[in-house]
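# Overview (structure and organization)
Below are the chains, spelled out letter by letter.
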Amino acid sequence: QVQLVESGGGLVQAGASLRLSCTASGRTLSSSNMAWFRQAPGKERDFVAGITSSGGRTVYADSLKGRFTISRDSDRNTVYLQMNGLEIDDTAVYYCAAGYFGPVVSRLTIGYRDWGQGTQVTVSS
């Protein structure tokens, strides 16, 4: 079983940038599609961005396209989420998830089998 550990969250002002990291241990992520989800208080866990195992295809929530960028470094067994132009509504716990091999990146939580504990991102005005 893989362990996923997120880092890079914090408290920032609106307009700032953050880069989240998700580092895996226990097995390689090279055959897994990966994704970031987020969950605000009292709300469901929503898809943010996903990337195929090869890194050749990325998918984003429509509302976030252009501000967030997902990438992966196979040598470091790590996935990143670069977040620019942060807004107050981006405040949430951000989760990293490891899924399955395939050409389609799932936008659903059921499409992922391993999850990290989450990292808090708080955006203030």
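Now for a description of the structure that goes with this document. Everything quoted here is computed from the prediction, not taken from an experiment.

A few words on the state of the cysteines. On inspection of all chains with the given rule, the structure shows 1 disulfide. Across the disulfide, Cys-22 is cross-linked to Cys-96 (sulfur-sulfur distance 2.0 Å). Here the disulfide of Cys-22 and Cys-96 is left-handed, its torsion about the S-S bond being about -75 degrees. You can see Cys-22 sitting in strand E3 (residues 18–25) and its partner Cys-96 sitting in strand E9 (residues 92–99), a full 74 residues away along the chain. Take Cys-22: its relative accessible area is 0%, and that puts it in the buried class. Judged by relative accessible area, Cys-96 falls into the buried class, the value being 0%.

Glancing now at the packing of aromatic side chains. On inspection of all chains with the given rule, the structure shows 4 aromatic pairs. Ring plane angle 75 degrees and centroid distance 5.5 Å describe the contact between Phe-37 and Tyr-112, whose orientation is recorded as edge-to-face. A residue pair is termed long-range when its members are at least 10 positions apart, and Phe-37 in strand E4 (residues 34–39) and Tyr-112 in strand E10 (residues 112–115) qualify at 75 residues. Exposure class is identical for Phe-37 and Tyr-112. Each is buried. Of the residues examined, Phe-37 reaches a relative accessible area of 0% and is grouped as buried. Here the aromatic residues Phe-37, Phe-47, Tyr-112 and Trp-115 are joined through ring pairs into a cluster of three or more.

What follows covers the sheet that holds strand E1 (residues 3–7). If you walk across this open sheet you meet the 4 strands as E1-E3-E8-E7, and the pairing is antiparallel. The sheet is open, and its two edges are formed by E1 and strand E7 (68–73), each paired on a single side. With direction set aside, neighbouring strand axes in the sheet form an average angle of 15 degrees. Bridge count for E1 against E3 is 5 bridges, and the pairing is antiparallel. In the sheet register, Glu-6 faces E3, and the bridge partner there is Cys-22.

Take the side chain of Ser-21 next. Tracing the backbone shows Ser-21 in strand E3. Look at Ser-21 and you get buried, because its relative accessible area is 13%. If we skip the residues at most four places from it in the chain, Ser-21 touches Val-5, Glu-6, Ser-7, Trp-36, Thr-78, Val-79 and Tyr-80.

Side chains of nonpolar character tend, in soluble globular proteins, to be buried together. Core analysis: the largest hydrophobic core is formed by 28 residues, its most contacted members being Leu-4, Met-34, Trp-36, Leu-81, Met-83 and Tyr-94. Every element with two or more residues in this core is listed here: E3, E4, strand E5 (45–51), E7, strand E8 (78–83), E9 and strand E11 (119–124). Residues Ala-35, Phe-37, Phe-47 and Ala-97 belong to the second largest nonpolar core, which totals 7 residues.

It is worth spelling out the environment of Asp-114 at this point. With respect to the helices, strands and loops of the structure, Asp-114 is situated in strand E10. For Asp-114, a relative accessible area of 9% puts it in the buried group. As for Asp-114 and Ala-98, which are separated by 16 residues in sequence, their C-alpha atoms are 5.1 Å apart. Leaving out residues up to four positions away in the same chain, Asp-114 has contacts with Gln-1, Val-2, Leu-4, Arg-27, Cys-96, Ala-97 and Ala-98. Within the structure, the side chain of Asp-114 is placed 2.9 Å from the side chain of Arg-27, a separation counted as a polar contact.

Analysis parameters
- Residues numbered from 1 in each chain as written.
- Predicted model: local features only at pLDDT ≥ 70, side-chain atom pairs only at ≥ 80, totals over all residues.
- Heavy atoms only, no water.
- Disulfide = S-S within 2.5 Å.
- Helix = DSSP H or I, 4+ residues; strand = E, 2+ residues; numbered from the N terminus.
- Buried < 20%, exposed > 50% of the residue type's maximum accessible area, 1.4 Å probe, protein only.
- Phe/Tyr/Trp six-rings, centres within 6.5 Å; stacked < 30°, edge-to-face > 60°.
- Pairing = 2+ DSSP bridges.
- Axes fitted to C-alpha atoms, helices over the stretch in contact; angles between N-to-C directions.
- Contact = heavy atoms within 4.5 Å.
- Core = buried A, V, L, I, M, F, W, Y, C linked by side-chain atoms within 4.5 Å.
- Polar contact = N/O pair within 3.5 Å; in protein donor to acceptor, adjacent residues only side chain to side chain.

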